[in-house]
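These are the residues of each chain, in order.
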Amino acid sequence: MGEPAFKDPGHVLIEQPAPTPAALRAAVAQIAPSRLPELTSHLFEAITNADKTGSWAPVRSFTHHWSTFVAIARFPERANRLRELEAVVSSGSSESREAIREIRRILAQAEAEVTP
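Residues numbered from 1 in each chain as written. Predicted model: local features only at pLDDT ≥ 70, side-chain atom pairs only at ≥ 80, totals over all residues. Heavy atoms only, no water.

A.B. asks: Explain the overall build of the protein to me, please; I cannot follow it from the model alone.
C.D. replies: In terms of helices and strands, the protein carries 5 helices and 0 strands. Listed N to C, the secondary structure of the protein is α-α-α-α-α in terms of helices and strands. When its C-alpha atoms are laid out on the principal axes, the protein stretches across 45 × 30 × 30 Å. Looking at the 116 residues of the protein, the share that counts as buried comes to 36%. Summarising the internal contacts of the protein: among those between residues at least 6 apart in sequence, 64% fall at separations of at least 24. Here the protein displays about 7,000 Å² of accessible surface, and carbon together with sulfur accounts for 57% of that area. (Helix = DSSP H or I, 4+ residues; strand = E, 2+ residues; numbered from the N terminus. Buried < 20%, exposed > 50% of the residue type's maximum accessible area, 1.4 Å probe, protein only. Contact = heavy atoms within 4.5 Å. Areas by Shrake-Rupley, 256 points an atom, 1.4 Å probe, with all protein chains shown as cover.)

Written out as structure tokens, the structure reads:
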């Protein structure tokens, strides 16, 4: 535990895509194809909610969520570290608090990469 969030996240699989549903779908298809059904379901829900509410907020939330997911998953080392930390938290280990802090740093770093 205690490793800092990645300053250099290592080898990149793909460039960060534009925050559009089509670009995010193409990126997820390349780096995490098993997550496509979840992305598709989330997109359908976002569009349905946007239509019901007359607001683009659900679609913006979708693109933010999946842009952040891609920002993490496109760097295998960062994605692996996040999974390791999540396992520590799930185990109830005494190191869970430090793992949560590091997860927050990784997520903040990824969000900073996708926020204009």
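A.B. asks: In this structure, what is going on with the packing of aromatic side chains? I would like to understand it.
C.D. replies: The geometry of two aromatic rings is summed up by the distance between their centres and the angle between their planes. A full pass over the atoms with the stated rule returns 1 aromatic pair. Relative to Phe 69, the ring of Trp 66 has its centre 5.2 Å away and its plane inclined at 65°; by these criteria the two rings are edge-to-face. With Trp 66 and Phe 69 both in helix α3 (residues 57-73) and 3 residues apart, this pair spans about one turn of that helix. Owing to a relative accessible area of 0%, Trp 66 belongs among the buried residues under this scheme. (Phe/Tyr/Trp six-rings, centres within 6.5 Å; stacked < 30°, edge-to-face > 60°.)

A.B. asks: When you look at helix α1 (residues 21-31) in this model, what are you seeing that I'm missing?
C.D. replies: Think of an α-helix as turning once every 3.6 residues; residues three or four places apart then point the same way. All of the buried residues in α1 are Leu 24, Ala 27, Val 28 and Ile 31. Buried residues in α1, looked at end-on, bunch into an arc of 100°, giving them a common side. Facing away from the buried surface of α1 by more than 90 degrees, the exposed residues are Ala 22 and Gln 30. Buried residues along α1 sit against α2 (36-53) and α3. (Arc of directions from axis to C-beta.)

Note that all results are geometric; they support no functional claim without further evidence.
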